[in-house]
Amino acid sequence: MRTLLRLKRVMPEVRWTMWQNRSWSNSSIQRLESNSSIHKHLISKITATGPISVAEYMREALTNPVAGYYVKNDMLGAGGDFITSPEISQIFGELLGVWCISEWMAAGKSNTFQLVELGPGRGSLASDILRVFSQLKTVLGETDISVHLVEVSPKLSQFQAECLTVDNTQPNDGDQPVYRSGTTRTGLPIYWYRRIEDIPRGFSVFLAHEFFDAIPVHKFQRTEKGWREVMVDIDPESPEKLRFVVSHSPTLASSILIQKDENRQHVEVCPEGGVIVQKLTNQIAEDGGAALIVDYGHDGTKTDTFRGFKGHQLHNVLEAPGMADLTADVDFSYLRKMTGNEVTCLGPITQRSFLKNMGIDSRLQVRMTTLMSVCSLQKHSEFPKENPPLCIFAFPLSDTQYSVHGADDLNQVC
Ligand code: SAH
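Residues numbered from 1 in each chain as written. Predicted model: local features only at pLDDT ≥ 70, side-chain atom pairs only at ≥ 80, totals over all residues. Heavy atoms only, no water.

S.K.: Explanation requested: the site of the ligand in the structure shown.
M.R.: The immediate surroundings of the ligand are formed by 19 residues, with T84, G119, G121, E151 and H209 found nearest. Between the ligand and the protein, one listed contact pairs a nitrogen atom with a backbone N or O atom of G119 at 2.7 Å. Within the contact set of the ligand, a nitrogen atom lies 3.3 Å away from a backbone nitrogen or oxygen of V152. When the ligand is considered free in solution it has 570 Å² of accessible area, and contact with the protein chains removes 94% of it. (Near = heavy atom within 4 Å. Polar contact = N/O pair within 3.5 Å; in protein donor to acceptor, adjacent residues only side chain to side chain. Areas by Shrake-Rupley, 256 points an atom, 1.4 Å probe, with all protein chains shown as cover.)

S.K.: Honestly, the packing of aromatic side chains in this entry has me stumped. Any pointers?
M.R.: Within a pair of aromatic rings, the relevant descriptors are the distance that separates the centres and the angle that separates the planes. Enumeration over the complete set of coordinates arrives at five aromatic pairs. Between Y69 and Y70 the ring centres are 5.3 Å apart and the planes differ by 70°, which places this aromatic pair in the edge-to-face class. Note on Y70: relative accessible area 12%, which makes it buried. Considering the side-chain rings of F211 and F212, the 5.3 Å spacing of their centres and the 85° angle between planes classify their relative orientation as edge-to-face. Residue classification places F211 among the buried positions, given a relative accessible area of 15%. Taken together, the aromatic side chains of W104, F113, F133 and F203 make up a single cluster linked through ring pairs. (Phe/Tyr/Trp six-rings, centres within 6.5 Å; stacked < 30°, edge-to-face > 60°. Buried < 20%, exposed > 50% of the residue type's maximum accessible area, 1.4 Å probe, protein only.)

S.K.: Would you explain the pattern of salt bridges in this entry?
M.R.: Oppositely charged side chains can pair when the atoms bearing their charge come close. Scanning the model with the defined rule gives 17 salt bridges in all. The closest approach of N and O atoms between K219 and E268, which form a salt bridge, is 2.7 Å. Linking K219 in strand β10 (residues 218-223) with E268 in strand β13 (residues 266-269), this pair joins segments that are 49 residues apart in sequence. The two residues K219 and E268 agree in class, both being buried. Among the ionic pairs, R307 bridges to D329, the shortest N-O distance being 3.0 Å. Of this pair, R307 sits in strand β16 (residues 307-310) while D329 sits in the loop between β18 (325-327) and β19 (330-331), and the two are 22 residues apart along the sequence. The same class applies to R307 and to D329, which are both buried. (Salt bridge = Lys/Arg side-chain N within 4 Å of Asp/Glu carboxyl O. Helix = DSSP H or I, 4+ residues; strand = E, 2+ residues; numbered from the N terminus.)

S.K.: Any chance you could explain the sheet that holds β16 here in plain terms?
M.R.: In a beta sheet, neighbouring strands are held together by backbone hydrogen bonds and run either parallel or antiparallel to one another. Pairing is antiparallel in the open sheet, where three strands are placed in the order β17-β16-β18. Each edge of the open sheet is held by one strand with a lone partner, namely β17 (313-315) and β18. Pairwise comparison of adjacent strand axes, ignoring direction, gives a mean angle of 40° for this sheet. In this structure, β16 lies alongside β18, joined through three bridges in antiparallel fashion. For G308, the partnering residue across the bridge sits in β18 and is L326. (Pairing = 2+ DSSP bridges. Axes fitted to C-alpha atoms, helices over the stretch in contact; angles between N-to-C directions.)

S.K.: Just to check I follow, could you spell out the pairing of strand β7 (residues 178-183) for this structure?
M.R.: Each regular strand displays side chains that alternate between the two surfaces of the sheet. By the bridge criterion, two bridges tie strand β6 (residues 170-171) to β7 in an arrangement that is antiparallel. Opposite Q170, over in β7, you have S181 as the bridge partner. Pairing between β7 and strand β8 (residues 189-193): five bridges, direction antiparallel. Following the sheet pairing, G182 is matched in β8 by I190. Between β7 and β8, which follow one another and run antiparallel, lie five residues, and G187 among them has a positive phi close to 90°.

S.K.: Could you clarify how one ought to interpret the nonpolar core in this entry?
M.R.: Note that soluble globular proteins tend to have their nonpolar side chains buried in a common cluster. In this structure, Y57, L118, F212 and V232 are the most contacted members of the largest nonpolar core, which totals 60 residues. Residue contributions to this core peak at five residues, all from helix α3 (residues 54-63). Once you skip the residues sitting within four places of it in the chain, Y57 turns out to touch L42, I52, V232, L242, F306, V317, L318, E319, P321 and L326. Counting 41 residues, the second largest nonpolar core, distinct from the first, contains A107, I145, A161 and A290. (Core = buried A, V, L, I, M, F, W, Y, C linked by side-chain atoms within 4.5 Å. Contact = heavy atoms within 4.5 Å.)

S.K.: Would you explain unusual backbone geometry in this entry?
M.R.: Among all residues save glycine, negative phi is the norm, and among peptide bonds the norm is trans. Residues G347 and P348 are joined by a peptide bond in cis, for which omega reads 5°. Of note in the backbone geometry, K109 takes a positive phi value of approximately 50° without being a glycine. Inspection of the secondary structure assignment puts K109 in the loop between α6 (90-106) and β4 (112-118). By relative accessible area, which is 44% here, K109 ends up partly exposed. The backbone phi angle of E210 is positive, close to 50°, even though this residue is not glycine. Along the chain, E210 turns up in the loop between β9 (204-209) and β10.

S.K.: Just checking my understanding: could you explain the environment of V139 for this structure?
M.R.: With respect to the helices and strands, the residue V139 is situated in helix α8 (residues 137-140). Counting along the chain gives 30 residues from V139 to K109, while the straight-line C-alpha distance between them is 9.7 Å.

S.K.: It is not clear to me how α3 should be interpreted in this structure. Could you clarify?
M.R.: Most of α3 sits inside the fold, with seven of its 10 residues counted as buried. Buried within α3 we find V54, A55, Y57, M58, E60, A61 and L62.

What is shown is where atoms sit, not what they do.
Shown next as structure tokens:
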């Protein structure tokens, strides 16, 4: 149960109201906390300049270049903090591989085809997709295919290189946009970038699986005086601890990020996610392509979803920053708004429906062979209705369309 406490604390220039969303106590977490260099860094920063936004807190905890959670950890899998669908079953990636090819076909079989994945984790999803591409060589023909990965973590990019290439690749020198490059096990050129802005132009199919939930959110609380931003501050009673407070005056973010027709009491907004979607939208509108966004999410209905995970358990977001995963559900209605009218958005639908539409049941039942996949792509119109092909054109798109699909039951399917 979440509570809103209105305990006032006066600071030299700005006043803040304490905002508490969950109560935690765990001595092992305190031990972790004393080891967290980000915790110390944030305490110094807040002491010097005052409370920081939740977005800034999340950005530091997850992607601080020295000690950020994603930068220095391998968090995926049974020994890590959370597990994702591509890590559970190869069928997930295989179906997405078929989806990519069906989008490319529906868009007129462009001569070039960039497969772009945002936040590829250990590279398992890309690996399963590339296996499908290799098996469907006859369908793809002479198409000039390349693979582009946007990854902030040097450590994870190393795992991805080990998973996807034969020679592991070598990082490039300096701060070049392409910080690593090589050739995939299936013989395709592959490139790593830190920022989506650096992806080359051209027909692209973008995939983002559990990526947007890691992009920082601002949190806002409706108050008697209007919308106010929730910030992170030092607990005056325990200077080593952090706590949430509500700003007493509007911040720049609270002035510009709340929609006029907003009727919730508490909202989370991810402007950086909006900018990324705008970039995808522009590229798809101009060069053709599609995007599939799969994440825990909602359609503009949920309120307080910011949470932490450590060792597969819920974890207090304000303790041991940099040592636990922080995540917020993706607001698909916001992302859709950010696309404007440039492209068509479909969904969100549950991951269960998407995978069912893609034929996961028959895939599971008969473990369809590679050959069958080729047949289904080439001859899908010949399949009788009661025996649907593996390749289901659930979302046939033209070359200027864009699809957004959410999933609220992510781990129930695979
Ligand atoms: N897609 C994978 C991994 C999900 S974890 C899977 O489903 O298994 C989130 C991934 O996004 C990690 O690879 C992380 O390093 C990356 N990431 C997080 N924030 C990022 C950012 N701002 N820019 C680029 N990559 C980021």
